[in-house]
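# A look at the structure
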Amino acid sequence: MNILHEEKDFIIINKPAGVVTHPDGKVDTTNNPSLCEQIVKLYPEMAKVGEPMKLTEKGGEHILVQRPGVVHRLDTETSGVMIFARTKKFFDYIKEQFQAHAIQKEYKAFVWGWFKDGDKKGVISAPIGRSKSDFRQYSADRFARGELREAVTEYEVLDEFETKAFPKVSITPRFAYVSVKPKTGRTHQIRVHMKHIHHVIVADSLYAPAHPKALGFKRQALHAEKIMFVDMKGKTRIFEAPLPEDFAQAIDTHVGKGVV
């Protein structure tokens, strides 16, 4: 975990891929502590900031998981910039901005397939519910079950390229490097919406299990690069997380090269 910026009301971190935001009762964090566990060691006063989350463990037992300073999450395998509240006042303040969808976020991603002319920039507006076929997944398809919640995502293709074919795999090795701006904050939203338009994220083992790992990624190729919000003094704040090594390597190797 890398602290990008700190003030009396909040801290900004660069979350590495492979680390959970907070304990969830399912993942063993003994040898790989969650962000929350790491943060409380550095900022003990944050232990009482935020709200606990009720979880149901196997066997039906209910437990409360403390989430110090947590106002939003990133999936375990997603890297990038995050805000953590250091005070109750800021927690309540910034939480309202998230609920009002006033926080602006930009992600970078590598996805499978080339986009048709006219579709290289657009808005995906498709409500998200639970997948009918896999309890771990969410879905924006018409057969999604449960409560369907509004979800809107803007995207823009930055580059497209092709690599050598994969042995024993018939999928055409074409890829796009995209900028993605979620306007709502649903669980797995970007991953679900990119699947919805048939451009699954590279190395996403949950939403693209039939696709081989590619471009050097061993985790889903999704990075939260930028976040913008208004602080309690009314000042617009913008923070960015530098691209991690796997992104930098994929960009250097493929982006702008056309057919590799």
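Summarised in this report is the structure supplied together with it. In this text the structure is predicted, and so the values were computed from the model without any measurement.

## Regarding unusual backbone geometry
- Even without glycine at this site, Lys-168 takes up a positive phi of about 65°.
- For Lys-168, a relative accessible area of 91% gives the class exposed.
- The backbone of His-188 shows a phi angle near 60°, a positive value even though the residue is not glycine.
- Note on placement: His-188 falls in the loop between strand E12 (174–182) and helix H3 (189–196).
- His-188 sits in the buried class, given a relative accessible area of 15%.

## Some remarks on H3
- For H3, a buried count of 6 out of 8 residues is recorded, marking the element as mostly surrounded by other parts of the structure.
- Downstream of H3 by one or two residues, His-198 has phi in the positive range, about 65°.

## Focus on the nonpolar core
- Membership of the largest hydrophobic core comes to 67 residues, with the highest contact counts inside it found for Ile-83, Phe-84, Phe-110, Val-202, Phe-217 and Phe-229.
- Discounting chain neighbours no more than four positions away, the residues touching Phe-217 are Phe-110, Val-202, Ala-203, Asp-246, Phe-247 and Ala-250.

## Concerning the packing of aromatic side chains
- The tally for this structure, following the rule as stated, stands at 15 aromatic pairs.
- A centroid spacing of 6.1 Å and a plane angle of 70° characterise the contact between Phe-10 and Phe-239, whose relative ring orientation is edge-to-face. Of this pair, Phe-10 sits in strand E2 (residues 10–15) while Phe-239 sits in strand E14 (residues 236–240), and the two are 229 residues apart along the sequence. Of the two residues, Phe-10 and Phe-239, both sit in the buried class.
- In this structure, Arg-174 packs its charged tip against the face of Trp-114, placed 4.0 Å from the ring centre.

## A word on the pattern of salt bridges
- Going through the model one piece at a time under the given rule, you end up with 16 salt bridges.
- With its nearest N and O atoms 2.5 Å apart, the salt bridge here joins Arg-237 to Glu-7. In this pair, Arg-237 sits in strand E14 while Glu-7 sits in the loop between strand E1 (2–6) and E2, placing the two residues 230 residues apart along the sequence.
- In this structure, Glu-240 and Lys-226 form a salt bridge, with 4.0 Å as the shortest nitrogen-oxygen distance. In this pair, Glu-240 sits in strand E14 while Lys-226 sits in strand E13 (residues 222–230), placing the two residues 14 residues apart along the sequence.

## Notes on empty space enclosed by the protein
- Scanning the entire structure with this criterion turns up 1 cavity of 30 Å³ or more.
- Taken as a whole, the largest cavity spans an internal volume of roughly 40 Å³.
- In this structure, the largest cavity is lined by His-72, Leu-74, Val-81, Lys-105, Tyr-107, Ala-224, Lys-226 and Ile-227.
- Going through the elements one at a time, strand E6 (104–112) and E13 are the ones with two or more residues in the lining of the largest cavity.
- With 3 residues, E13 is the largest single contributor of residues to the lining of the largest cavity.
- Across the lining of the largest cavity, the residue classes break down as 5 nonpolar, 1 polar and 2 charged.

The rules behind these values
Residues numbered from 1 in each chain as written. Predicted model: local features only at pLDDT ≥ 70, side-chain atom pairs only at ≥ 80, totals over all residues. Heavy atoms only, no water. Buried < 20%, exposed > 50% of the residue type's maximum accessible area, 1.4 Å probe, protein only. Helix = DSSP H or I, 4+ residues; strand = E, 2+ residues; numbered from the N terminus. Core = buried A, V, L, I, M, F, W, Y, C linked by side-chain atoms within 4.5 Å. Contact = heavy atoms within 4.5 Å. Phe/Tyr/Trp six-rings, centres within 6.5 Å; stacked < 30°, edge-to-face > 60°. Lys NZ or Arg CZ within 6 Å of the ring centre and 35° of its normal. Salt bridge = Lys/Arg side-chain N within 4 Å of Asp/Glu carboxyl O. 1 Å grid on protein atoms, 1.4 Å probe; cavity = no way out; pocket = protein on both sides within 12 Å on 5 of 7 lines; lining within 4 Å. Points joined across faces, edges and corners; volume = space filled by probe spheres on them. Nonpolar A, V, L, I, M, F, W, Y, C, P; charged D, E, K, R; others polar.

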